[in-house]
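# Residue-level structural notes
Take a look at the letters that make up each chain.
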Amino acid sequence: MTPAFVPGQRVRIADRDAPGHVRTPVYVRGRIGVIERVLPRFLDPEREAYGVNAGTEVRLYRVRIPQVALWPDYRGSADDVLELEIYEHWLEQAEEDAR
Amino acid sequence: MSDAHAPIETAVEEPDYFEVLVESLRELLVGKGLIGSGEVRAMVETLDAHDPTIGAALVARAWVDGDFRARLLDDATAVVEQSGIDNYDHTRFVVLEQTPDTHNLVVCTLCSCYPRALLGLPPDWYKSRPYRSRAVREPRAVLAEFGTGVPDDVRIRVHDSNANMRYLVMPMRPVGTDGWTQEQLAALVTRDSMIGVSLARTP
């Protein structure tokens with residue numbers, strides 16, 4: 001399956017409550033970042049944790065977020081970044097003018 | 001003075017909640033025949049057989065072999081599997097290169113994800129709540145506490161190992177090591193330098 005996002009594309013990580021085995025940390029929900037690289041597809045841990053381990057592969061991406069966008073009082077370079085892995089169903093295209 | 005030959009363990013402590021949980025689960029799985037006690041022992045042996053010398057050998061080879069370095073950075077999983085390393089849980093790896101412009105630091109904020117096939121079991125501090133929360137929040141302060149000052153004009157990339165990939169940091173080769181053998185170089189590559197909290201040893 002073709003990845004929905006490409007490296008360099010601006011994305012917004014969904015801001016939603018989700019119970020269970022969710023690998024999207026709360027501190028990045030709702031944040032805007034850039035696709036750092038496209039990773040393979042993996043079993044969806046949110047379903048695998050409940051024994052559903054067949055036919056649930058979802059695309060994984062590495063997303064890069066500026067540290068100053070995560071923490072308003074961040075102490076460090078404006079170039080410092082946080083990178084982490086986000087599943088496709090947690091991503092949406094970010095509007096270009098969003099900052 | 002106390003008796004120097006006294007046993008170190010003076011009191012038998014009660015197992016904590018998680019020790020009871022783990023033991024109960026193991027007994028149930030073995031008791032119901034879902035796994036054998038031999039499998040548990042074999043897995044413990046596998047875990048014990050992996051330590052940071054495996055990662056250090058990869059880094060040292062990359063320092064002396066440019067083609068290997070390029071392949072390691074491009075597809076670390078393939079290199080690991082071609083290197084005869086027992087990738088016992090089929091982990092996928094990403095190798096991150098320290099450069100004069102960029103310092104990489106690895107953390108798992110959600111639990112304790114770690115490249116165990118390359119480094120063995122993670123140190124206790126890596127699993128601690130302060131490290132997991134502060135490494136993403138104030139990486140420069142955390143690095144300073146490890147004795148690693150990162151200049152302001154060096155970008156810090158913090159990698160939250162939150163899902164499927166496992167990360168190994170390739171430290172920079174120290175100056176003054178020209179002509180060193182791969183084995184000599186590997187001794188400079190510490191566990192902490194492959195997590196990113198410190199630099200490689202200097203000669």
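Nothing here was measured: the structure is a model prediction, and the numbers come from that model. Within every chain, residues take consecutive numbers counted from 1 along the sequence as written. Just so you know, chain letters begin at A and ligand numbers begin at 1, following the order they were written in. Where local features are concerned, this predicted model is filtered to residues with pLDDT of at least 70; where side-chain atom pairs are given and counted, the filter is 80 or more; whole-chain, interface and lining totals use all residues. The basis for the side-chain values is all heavy atoms of the structure; hydrogens and waters are excluded.

## Observations concerning the interface of chain A and chain B
Heads up, the condition is: Residues are treated as being in contact if the distance between any of their heavy atoms lies within 4.5 Å. The buried area of a pairing is the accessible area, by a 1.4 Å probe, that goes missing from both parts when the two are put together, added over both. For this document, the term salt bridge refers to a Lys or Arg side-chain nitrogen within 4 Å of an Asp or Glu carboxyl oxygen. For the purposes of these results, a polar contact is taken to be a pair of N or O atoms within 3.5 Å, where, inside protein, one atom must be able to donate a hydrogen and its partner to accept one; residues adjacent in sequence count only when each atom of the pair is a side-chain atom. Strands here are runs of E lasting at least two residues and helices are runs of H or I lasting at least four, both read from the DSSP assignment and numbered beginning at the N terminus. Under the scheme applied here, ten amino acids are nonpolar (Ala, Val, Leu, Ile, Met, Phe, Trp, Tyr, Cys and Pro), four are charged (Asp, Glu, Lys and Arg), and all others, including Gly, are polar. A pair of strands is treated as paired once DSSP finds two or more bridges between them.
Listed per partner, the contact involves 27 residues of chain A and 23 residues of chain B. Regarding the contact of chain A and chain B, the summed buried area is about 2,200 Å², with carbon and sulfur atoms giving 45% of it. Of all residues in chain A, Arg23(A), Trp71(A) and Glu85(A) bury the most surface against chain B, accounting for 25% of the area lost on that side. Where chain A touches chain B, the interface holds 4 salt bridges. Close ionic contact of Arg140(B) with Asp80(A) constitutes a salt bridge, the shortest N to O distance being 2.8 Å. Taken together, the connections running from chain A to chain B amount to 21 residue pairs in polar contact (both at pLDDT 80 or more). Considering every element that reaches the side of chain A that touches chain B, the biggest residue donor is strand 4 (residues 81-87) of chain A, with 6 residues. Along the lines of polarity and charge, the residues of the side of chain A that touches chain B split into 13 nonpolar, 3 polar and 11 charged. When strand 4 of chain A meets strand 3 (residues 155-160) of chain B, the two strands line up parallel, connected through 4 bridges. When the bridges of strand 3 of chain B are listed, Leu82(A) appears paired with Val158(B).

## Things to note about the packing of aromatic side chains
By convention here, two paired aromatic rings are described through the distance between centres and the angle between planes. Residues and elements named next belong to chain A. The test is simple: Classification of ring pairs uses Phe, Tyr and Trp, with its six-membered ring standing for Trp, and accepts pairs whose centres are within 6.5 Å; under 30 degrees between planes counts as stacked, over 60 as edge-to-face, and the remaining range as tilted. Each residue is assigned to one of three classes by its accessible area relative to the maximum for its type, calculated with a 1.4 Å probe on protein chains only: buried under 20%, partly exposed between the two thresholds, exposed over 50%.
Applying the stated rule across the entire model yields 9 aromatic pairs over all chains. Considering the side-chain rings of Tyr27 and Trp71, the 5.6 Å spacing of their centres and the 20° angle between planes classify their relative orientation as stacked. With Tyr27 in the loop between strand 1 (10-13) and strand 2 (32-43) and Trp71 in the loop between helix 2 (67-70) and strand 4, the pair connects residues that are 44 residues apart, well separated along the chain. Like Tyr27, the residue Trp71 is buried in the burial classification.

## Observations regarding the domain arrangement of chain B
Put simply, the rule is: The domain limits used here are those given by an automatic or database domain assignment.
Partitioning chain B into structural domains gives domain 1 (16-48) and domain 2 (52-195). Taking only C-alpha atoms, the centre of domain 1 of chain B and the centre of domain 2 of chain B are 30 Å apart.

## A short note on the sheet that holds strand 3 (residues 57-66) of chain A
Put simply, the rule reads: Fitting a line to C-alpha atoms yields each axis, with helices limited to the stretch in contact; the angle taken between N-to-C directions then spans 0 to 180 degrees.
In space, the 7 strands of this open sheet follow the order 5(A)-1(A)-2(A)-3(A)-4(A)-3(B)-2(B), with mixed pairing throughout. Both outer strands of the open sheet, strand 5 (91-93) of chain A together with strand 2 (102-107) of chain B, are each paired with one neighbouring strand and no more. The sheet shows a mean angle of 35° between the axes of neighbouring strands, taken without regard to direction. Across 7 bridges, strand 3 of chain A lies against strand 4 of chain A in antiparallel orientation.

## Observations concerning the environment of Met172(B)
Residue and element names in this part refer to chain B. Within the secondary structure, Met172 is located in the loop between strand 4 (165-170) and helix 10 (182-186). Assessed through its relative accessible area of 38%, Met172 is described here as partly exposed. Each C-alpha atom of the pair Met172 and Ala76 lies 17 Å from the other, and the pair is 96 residues apart in sequence. Excluding anything up to four places from it in sequence, Met172 contacts Trp63, Gln98, Thr99, Pro100 and Ala200.

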